[in-house]
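Take a look at the letters that make up each chain.
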Amino acid sequence: MKTMKTLVIVIGVLALLFIVAIGHVRDQDQALIQTKEIPKTLETEAMDHLLAEDLSLTTSMFIKQMAEQLQRWSEQLEEDPTIKDEFRQQIDEHPHMQGFAIAEANKITQKVGTLHRDDVKALTHVHHNQRYSDPYNVDDSTYMLIGETTDDGRLLIGELNLEFVKKYVKDIAAVADTNGNFFIGGDNPDVSWQDQDERATQLTSETVPELGWDIHVQSEGQEEEGPAYHEHQAVIRFKPNRDPAAWFATNPYRVVEEAPPFFVIESPNQTTVEIVEALSRDYDLDFAEPNYRFTKQIQAPVTPNDEFFKEYQWNLQQIDIEEGWSLASGENVKIAILDTGVDPNHPDIKDKIVNGYNAVEGNDNFADKHGHGTHVAGVAAAVTNNVTGIAGISWKSEILPVKVLNDNGEGSSFEVAKGIYWATDHGAKVINMSLGDYYHSDALRDAVKYAYDHDVVLIAASGNDNVEDPLYPAIYEEVLTVAAVDDTRNRAFFSNFGKHIDVTAPGEHIPSLFPDNQYTVMSGTSMASPHAAGLAGLIRSLRPDLSNQEVMDIMKETAKDLGPKGHDVYYGHGEIDIEAALKAIRTS
């Protein structure tokens with residue numbers, strides 16, 4: 001038997017990575033650097049299982065979507081000949097749908113799009129009323145057939161491109177078909193197992209119920225991290241009326257980035273510790289600090305017709321959204337998503353984007369090649385009631401994508417600060433930050449205060465390490481901190497806790513958008529945070545006269561109390577309640 005190489009989680013489903021953080025201490029009244037270790041308390045196996053569940057749900061969503069399209073064709077084909085044109089449009093809009101066909105007596109009689117295999121006998125598996133084939137490869141791509149039998153005995157067939165699974169799984173997992181053969185994932189997808197017991201002892205698994213596939217995840221745990229800041233760099237801020245040009249003329253530092261009065265400087269001959277220590281007493285500077293690394297951390301009652309809403313978006317129903325949508329839908333509110341960017345072409349959000357910014361590169365290219373930011377943006381404000389995909393919470397709000405994390409989901413405190421300034425200056429009324437880490441930054445603190453003083457509602461994820469240590473910027477008093485709960489309103493096992501927790505929101509198995517017109521399920525406080533951001537958008541659209549502090553107070557006061565009575569360290573004031581919040585502020 002071929003052995004399977006240990007797989008490492010590389011995608012940011014659980015958003016906030018554990019690292020050894022660096023904080024501030026005082027030495028002779030000057031700010032220096034010290035090590036602050038955040039203990040890791042989560043078991044790797046639990047995180048792997050959560051991810052396996054997300055992958056299974058994601059696959060089920062796509063299977064369900066294809067099956068529903070087949071049912072539509074079955075019901076409308078005889079009555080409406082133009083249905084073929086609609087299906088051609090579906091194929092154009094959804095890369096995972098390759099083609100559709102009708103078979104009679106095991107022979108294809110009509111077809112739209114492409115079928116790489118038209119062998120009806122390949123549909124060997126049955127689940128409820130659907131039939132499925134095993135996965136098959138054509139030109140380095142993986143496909144499968146789905147079949148639906150009509151009342152008159154004909155067979156409707158659709159071909160599903162499984163590359164969306166491969167793209168999402170990447171190197172983190174392996175997918176085995178019902179015969180135990182791996183067809184996606186890892187460096188060696190052709191491995192097989194001698195028996196189920198052997199497979200069970202080596203990998204954390206979850207089954208896709210429609211197909212009988214097993215999705216296996218095994219990670220090596222957390223890798224050793226380097227310094228929690230960009231080595232050889234520091235962030236400085238000049239005092240008022242100081243001349244930066246004159247200072248740089250007499251100091252041996254290269255400017256890496258600038259957003260006056262802030263500058264990121266670099267010295268190849270000095271460590272970060274040496275730079276900060278040397279400049280801590282500089283008369284021209286307000287402060288010098290490390291450039292910290294940051295990581296990602298997803299009417300009558302209105303029932304939208306989005307295809308994944310009823311069956312998969314339990315999270316929105318849990319926070320009482322349908323009654324809330326009868327009162328507000330988010331008009332005239334801009335929500336900034338500070339993250340890995342947003343896919344500018346995703347049909348479920350592209351029309352919501354007004355403009356954006358890339359704080360990493362200093363330009364307007366906010367495209368998301370990672371996926372985390374697109375997922376977060378969809379939770380907050382995806383296009384809703386458009387038949388396609390998911391429903392977003394503040395569904396008529398506009399999105400300001402602010403790329404502060406690179407394509408690996410990594411950034412710096414300076415870039416996050418720049419993003420906050422940009423979003424504030426470009427009309428954001430709500431800023432979501434599903435990111436952070438365990439150390440204070442003066443540059444970040446100033447940016448948060450700037451946004452708060454300009455009446456912006458700031459919302460941040462609490463973190464995914466199951467520790468009490470606070471994240472920044474979540475700890476700042478101007479920020480509403482959001483922890484995660486599951487579908488039973490119990491605290492998500494990974495969710496950080498502490499006195500600074502303000503509210504909770506759903507954060508396990510959350511469906512939302514993914515780049516290239518795709519949809520996935522992700523888990524983390526990163527996914528909980530945009531639920532609160534969406535609610536803030538609804539409140540601000542219904543009552544634009546309320547201040548940012550009043551908005552946050554309403555969200556806390558109307559939350560469903562969970563856990564110990566009153567505010568507690570695990571649930572804060574409780575789970576956000578959209579209906580209760582909007583009813584509390586509506587005017588007669």
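For clarity, every value in this text was computed on a predicted model and none was experimentally measured.

J.: What exactly am I supposed to notice about the overall build of the chain here?
T.: Looking only at helices and strands, the chain features 15 helices and 29 strands. Within the span of the chain, comprising 588 residues, buried residues form 59% of the whole. Total accessible area on the chain is roughly 22900 Å²; 43% of this is exposed by carbon and sulfur atoms.

J.: Any chance you could explain the sheet that holds strand S17 (residues 285–289) here in plain terms?
T.: Read across the open sheet, the four strands follow the order S15-S16-S14-S17; overall the sheet is antiparallel. Each edge of the open sheet carries a strand with a single partner, namely strand S15 (254–259) and S17. For this sheet, the mean inter-axis angle between neighbouring strands, taken without regard to orientation, is 20°. As defined by bridge partners, S15 adjoins strand S16 (residues 262–266) across five bridges and the pair is classed as antiparallel. When the sheet's bridge partners are listed, glutamate 258 is paired in S16 with phenylalanine 263. Running over the sheet, helix H6 (residues 272–279) touches strand S14 (233–238), S16 and S17 and is turned about 20° from S14. In the packing of helix H12 (residues 442–453) onto the sheet, the strands contacted are S14, S16 and S17, and the crossing angle to S17 comes to about 120°.

J.: Honestly, the nonpolar core in this entry has me stumped. Any pointers?
T.: The tendency in soluble globular proteins is for nonpolar side chains to be buried as a group. Ranked by internal contacts, the top residues of the largest apolar core, which has 65 residues, are Ile393, Val430, Ile459, Ile539, Met555 and Ile578. A per-element tally of this core places helix H13 (residues 525–542) first, with eight residues. With 36 residues, the next largest nonpolar core counts Ala336, Met433, Leu435 and Val479 among its residues.

J.: Quick question: what am I supposed to make of the sheet that holds strand S23 (residues 430–433) here?
T.: Pairing between the strands of a sheet comes from backbone hydrogen bonds, and it takes one of two forms, parallel or antiparallel. Strand order in the open sheet formed by seven strands is S20-S21-S19-S23-S25-S26-S27, with parallel pairing between adjacent strands. The open sheet is flanked by strand S20 (357–358) and strand S27 (503–506), the only strands paired with a single partner.

J.: Can you walk me through unusual backbone geometry in this structure?
T.: Backbone phi values are negative for most residues with the exception of glycine, while trans is the configuration of most peptide bonds. Proline 260 connects to proline 261 through a cis peptide bond whose omega is 10°. With respect to the helices, strands and loops of the structure, proline 261 is situated in the loop between S15 and S16. A cis amide bond, omega 15°, links tyrosine 472 with the succeeding residue proline 473. Looking at the element boundaries, proline 473 is found in the loop between strand S25 (457–461) and strand S26 (479–485).

J.: Looking at this structure, how should I read the pairing of strand S13 (residues 213–217)?
T.: Remember that side chains alternate between the two faces of the sheet whenever the strand is regular. Where burial is concerned, most of S13 is hidden: five out of the five residues are buried. Here S13 shows a buried face lined by Trp213, Ile215 and Val217 and a second buried face lined by Asp214 and His216. Remark: four residues form the turn of the hairpin made by strand S12 (residues 204–208) and S13, two consecutive strands paired antiparallel; glycine 212 in that turn has positive phi of roughly 75°.

J.: Before we go on, may I ask you to explain the environment of alanine 532 in this structure?
T.: Here alanine 532 is to be found in helix H13. Owing to a relative accessible area of 0%, alanine 532 belongs among the buried residues under this scheme. Between the C-alpha atom of alanine 532 and that of isoleucine 576, which follows or precedes it by 44 residues, the distance is 7.0 Å. With residues near it in sequence (within four places) discarded, alanine 532 still touches Ile459, Leu480, Val482, Met555 and Ile576.

Criteria and thresholds
- Residues numbered from 1 in each chain as written.
- Predicted model: local features only at pLDDT ≥ 70, side-chain atom pairs only at ≥ 80, totals over all residues.
- Heavy atoms only, no water.
- Helix = DSSP H or I, 4+ residues; strand = E, 2+ residues; numbered from the N terminus.
- Buried < 20%, exposed > 50% of the residue type's maximum accessible area, 1.4 Å probe, protein only.
- Areas by Shrake-Rupley, 256 points an atom, 1.4 Å probe, with all protein chains shown as cover.
- Pairing = 2+ DSSP bridges.
- Axes fitted to C-alpha atoms, helices over the stretch in contact; angles between N-to-C directions.
- Contact = heavy atoms within 4.5 Å.
- Core = buried A, V, L, I, M, F, W, Y, C linked by side-chain atoms within 4.5 Å.

In short, shape yes, function no, at least from these values alone.
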